[in-house]
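Structure assessment
Spelled out from the first residue to the last, the chains are:
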Amino acid sequence: MRRRFCFSIETRKKLGQTYSTIGGLYRQFELIYIVADERDVIRVRTNYRKGEDIYLYRTTISPAQARERFREYLHSLNALRDKARWYNAITTNCTTSIRAQHPPGERMPWDWRILLNGKGDDLMYERHLIVTGGLPFAELKARSLVNARAQAANDAADFSERIRTHFVGAVPSY
């Protein structure tokens with residue numbers, strides 16, 4: 001069984017501090033990268049927090065491109081060790097940080113959907129960056145929602161495989 005893990009770009013809050021949109025504009029939170037087992041990252045959002053929808057898509061990138069994206073995440077994570085970055089809800093949020101870690105010549109062209117949480121999948125669909133199986137976006141998104149499958153899989157050793165039932169496109173072999 002293959003182990004999968006995730007990167008999550010988040011705000012680093014102090015003990016007792018809660019997120020505030022206004023605070024997110026004024027250097028109230030450091031930016032932090034969390035690297036964890038896929039089950040931990042997904043389950044905290046599907047099984048413990050309320051009101052978060054989690055979608056899982058298969059990208060169209062090659063294994064070589066996936067390794068390069070992985071190295072970009074590691075580089076960005078290690079750079080934070082040497083120099084902290086402040087989260088900003090507009091300029092340095094989770095989505096803009098993903099775009100910024102690509103070399104300048106390889107960055108996705110700017111689009112307003114980069115600023116809004118929950119719009120990145122629409123942008124990726126439009127730019128053919130996710131496997132669609134020929135489905136219209138609304139149907140693909142509905143099939144990619146993993147909340148119920150993650151809740152059912154919970155502590156299962158094969159959590160990652162269980163949340164991929166109904167997955168559009170073949171599961172990659174790398």
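Read on for an overview of the structure. (Residues numbered from 1 in each chain as written. Predicted model: local features only at pLDDT ≥ 70, side-chain atom pairs only at ≥ 80, totals over all residues. Heavy atoms only, no water.)

1. Quick word on the side chain of Arg149
As a reminder, the rule being used: Only runs of H or I of at least four residues qualify as helices and only runs of E of at least two qualify as strands under DSSP, and these elements are numbered from the N terminus. Partly exposed residues are those whose accessible area sits between 20% and 50% of the maximum for their type, while under 20% is buried and over 50% is exposed, using a 1.4 Å probe and protein chains only. His is not counted, nor are the chain ends, whereas Lys and Arg count as positive and Asp and Glu as negative. By definition here, a salt bridge exists when the distance from a side-chain nitrogen of Lys or Arg to a carboxyl oxygen of Asp or Glu is within 4 Å. Distance and chemistry together define a polar contact, namely a pair of N or O atoms within 3.5 Å, with one atom able to donate a hydrogen and the other to accept it when in protein, and with adjacent residues in sequence counting only for side-chain atoms on both sides. Residue contacts follow a heavy-atom distance rule, with two residues in contact if any of their heavy atoms lie within 4.5 Å.
Here Arg149 lies in helix α6 (residues 147–153). Buried and without a salt bridge, Arg149 has Glu38 as its closest oppositely charged side chain, separated by 11 Å. For Arg149, the side chain forms a polar contact with the main-chain oxygen of Arg143, separated by 3.3 Å. The contacts of Arg149, once residues within four sequence positions are left out, are Arg143, Ser144, Arg162, Ile163, Thr165 and His166.

2. Observations concerning the packing of aromatic side chains
What counts is decided by this rule: Working definition: rings of Phe, Tyr and Trp (its six-membered ring) pair if their centres are within 6.5 Å, and the pair is stacked with planes under 30 degrees apart, edge-to-face with planes over 60 apart, and tilted otherwise. Think of it as a cone above the ring: NZ of Lys or CZ of Arg counts as a charge over the ring if it is within 6 Å of the ring centre and within 35 degrees of the ring normal.
The tally for this structure, following the rule as stated, stands at 9 aromatic pairs. Between the aromatic rings of Tyr19 and Tyr87, the centroid separation amounts to 6.0 Å while the plane-to-plane angle is 85 degrees, which identifies the pairing as edge-to-face. Within this pair, whereas Tyr19 is found in the loop between β1 (5–12) and β2 (30–37), its partner Tyr87 is found in the loop between α2 (63–82) and α3 (94–100), the two being separated by 68 residues in sequence. Owing to a relative accessible area of 36%, Tyr19 belongs among the partly exposed residues under this scheme. Chaining the aromatic ring pairs together yields one cluster made of Phe5, Phe7, Tyr33, Phe70 and Tyr73. Sitting over the ring of Tyr55, Lys141 keeps its end group 4.8 Å from the ring centre.

3. Side note on unusual backbone geometry
Positioned with a positive phi, His128 is a non-glycine residue whose angle comes to about 60 degrees. Looking at the element boundaries, His128 is found in the loop between α4 (120–126) and α5 (137–144). Relative accessible area serves as the criterion here: at 62%, His128 is assigned to the exposed category. Non-glycine residue Asn154 carries a positive phi angle of around 30 degrees. The topology assignment puts Asn154 in the loop between α6 and α7 (159–162).

4. Considerations on the pattern of salt bridges
Counted by the stated rule, this structure contains 14 salt bridges. If you follow the salt bridges from partner to partner, you end up with Asp111, Arg113, Asp122, Glu126 and Arg127 in one network.

5. With respect to a nonpolar patch on the surface
The test is simple: What makes a patch is a set of residues exposed beyond 30% relative accessible area and free of salt bridges, joined within 9 Å when like-charged and within 5 Å when nonpolar (Val, Leu, Ile, Met, Phe, Trp, Tyr). Only the protein chains shown count as covering a residue, and every accessible area follows the Shrake-Rupley method with a 1.4 Å probe.
Taken together, the side chains of Ile90, Trp110, Trp112, Leu115 and Leu116 present a nonpolar region at the surface, about 510 Å² in accessible area. By the secondary structure assignment, Leu115 is in the loop between α3 and α4. Its relative accessible area of 31% is what places Leu115 among the partly exposed residues.

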